[in-house]
Amino acid sequence: MKNTEMLLSIKLQQMLFIDPKRVRLLKEIQQCGSINQAAKNAKVSYKSAWDHLEAMNKVSPSPLLERNAGGKNGGGTVLTNYAKRLLQLYDLLEKTQEHAFNILQDESVPLDSLLTATARFSLQSSARNQFFGKVARQRMMDSRCLIDVDIASLPKPLQVSITTKSAARLKLMTGKEVMLMIKAPWVNITAHPLENQINQYPVRIKSINEKETILVFDEMEFCATLTQPNQWQIDQQIWLHINPEQIILATLV
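Criteria and thresholds
- Residues numbered from 1 in each chain as written.
- Predicted model: local features only at pLDDT ≥ 70, side-chain atom pairs only at ≥ 80, totals over all residues.
- Heavy atoms only, no water.
- Helix = DSSP H or I, 4+ residues; strand = E, 2+ residues; numbered from the N terminus.
- Contact = heavy atoms within 4.5 Å.
- Areas by Shrake-Rupley, 256 points an atom, 1.4 Å probe, with all protein chains shown as cover.
- Expected span 1.5 Å × (residues − 1).
- Buried < 20%, exposed > 50% of the residue type's maximum accessible area, 1.4 Å probe, protein only.
- Arc of directions from axis to C-beta.
- Salt bridge = Lys/Arg side-chain N within 4 Å of Asp/Glu carboxyl O.
- Polar contact = N/O pair within 3.5 Å; in protein donor to acceptor, adjacent residues only side chain to side chain.
- 1 Å grid on protein atoms, 1.4 Å probe; cavity = no way out; pocket = protein on both sides within 12 Å on 5 of 7 lines; lining within 4 Å.
- Points joined across faces, edges and corners; volume = space filled by probe spheres on them.
- Nonpolar A, V, L, I, M, F, W, Y, C, P; charged D, E, K, R; others polar.
- Pairing = 2+ DSSP bridges.
- Axes fitted to C-alpha atoms, helices over the stretch in contact; angles between N-to-C directions.
- Patch = residues over 30% accessible without salt bridge, like charges linked within 9 Å, V, L, I, M, F, W, Y side chains within 5 Å.

### Description of the overall build of the protein
On a plain count of helices and strands, the protein comes out with 6 helices and 14 strands. Long-range pairs, those at least 24 residues apart, make up 59% of the contacts in the protein between residues at least 6 apart in sequence. Put simply, the protein shows about 15800 Å² of open surface, and 50% of that area lies on carbon and sulfur atoms.

### Brief notes about helix H3 (residues 46–59)
The end-to-end C-alpha distance of H3 is 21 Å, a good match for the 20 Å that 14 residues give at a rise of 1.5 Å each. The set of residues buried in H3 consists of Ala-49, Leu-53, Met-56 and Val-59. Buried residues along H3 cover an arc of 140° about the axis, so they all sit on one side. Counted as exposed and oriented over 90 degrees from the buried face of H3: Lys-47 and Lys-58. Residues of H3 that are buried make contact with strand E1 (10–12), strand E2 (15–18), helix H1 (20–32), helix H2 (35–41) and strand E3 (65–68).

### A short note on the pattern of salt bridges
Proximity of charged atoms lets side chains of opposite charge pair with each other. By the definition in use, this model includes 9 salt bridges. Note that Asp-91 and Lys-27 form a salt bridge whose closest N and O atoms lie 3.2 Å from each other. Separated by 64 residues along the polypeptide, Asp-91 in helix H4 (residues 81–102) and Lys-27 in helix H1 bring together distant segments of the chain. Given a relative accessible area of 28%, Asp-91 falls into the partly exposed group.

### A look at the side chain of Ser-60
Looking at the element boundaries, Ser-60 is found in the loop between H3 and E3. A distance of 2.5 Å separates a polar side-chain atom of Ser-60 from the backbone oxygen of Ser-62. Leave out the neighbours within four places in its chain, and Ser-60 touches Phe-17 and Tyr-82.

### A word on the layout of surface pockets
For the largest pocket, the calculated volume is near 280 Å³. Around the largest pocket, the lining residues are Gln-130, Phe-131, Phe-132, Gly-133, Asp-150, Ile-151, Ala-152, Ser-153 and Met-220. Residue contributions to the lining of the largest pocket peak at 4 residues, all from strand E5 (residues 129–141). Classifying every residue of the lining of the largest pocket gives 5 nonpolar, 3 polar and 1 charged.

### Quick look at the sheet that holds strand E6 (residues 144–150)
Spatially, 5 strands are ordered E7-E6-E5-E8-E14 in an open sheet, and the strand pairing comes out antiparallel. Pairing within the sheet leaves two strands with one partner each, and these edge strands are strand E7 (158–163) and strand E14 (248–250). For this sheet, the mean inter-axis angle between neighbouring strands, taken without regard to orientation, is 45°.

### Things to note about a nonpolar patch on the surface
Taken together, the side chains of Leu-89, Leu-92 and Leu-93 define a hydrophobic patch exposed on the protein surface, amounting to about 250 Å² of accessible area. Relative to the helices and strands, Leu-92 resides in helix H4. With a relative accessible area of 51%, Leu-92 lands in the exposed category.

### Topic: the environment of Lys-27
Judged by its relative accessible area of 35%, Lys-27 is partly exposed. The spacing of Lys-27 and Lys-84 is 57 residues in sequence and 8.8 Å in space, taken between C-alpha atoms. If we skip the residues at most four places from it in the chain, Lys-27 touches Leu-87 and Asp-91.

### Details of the environment of Ile-182
Relative to the helices and strands, Ile-182 is located in strand E8 (residues 177–182). For Ile-182, a relative accessible area of 0% gives the class buried. Along the sequence, Ile-182 and Ala-127 sit 55 residues apart, while their C-alpha atoms lie 5.5 Å from each other. When near neighbours in sequence (up to four residues on either side) are disregarded, Ile-182 contacts Ala-127, Arg-128, Asn-129, Phe-131, Leu-158, Val-187, Ile-242, Gln-246 and Ile-247.

Given below as structure tokens:
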């Protein structure tokens, strides 16, 4: 949204730790290596600069500044690694805050789902198919973890197969929100259903071209890449199936 200004402030121990003015002061110190010059560049008095720095150091878990013993012109003041990371985090939070406010403009994005909102405005992927659901069940089979994911538009869960290490790293549990990513070439179709086939659904061909084919189940669309598009027709009823190992699983941990 244009002409929108959001000022981010962070408190520690119920006291102001960092805000836009203090961020600018730290960035000026990082740039010139002098508190005196940084105060001038930030257009605050030297005393005001010191007051800000002392207030920050009072509540900071780690020192923000250190003296740099220098050569013939003497030393200067430099930021500690903690302070540099603090500035990086502040910039990151500002971008996240801006993304979050932009979500307000898109009523199709549910505001009760952090994963959905984050993925829609921050995550870019080459996978054409991206769906959201919740973990319904997980179990071990042949040294792999099988995850059943409930997706609102599908009549039965979509099964995903990942390594046990991946399952542990994602900290999966029943009811956890997940995002499924499936590349178009991984979506397979057949004219008739296959026996004992996992992740198989009846679909209708909505559109066909050389680059991609759109398949529809109810109101849910799948994008597929067909090797022989000429043998299929628009509105033809066919069957879609996806290998559980060809589904990328993502979540917020």
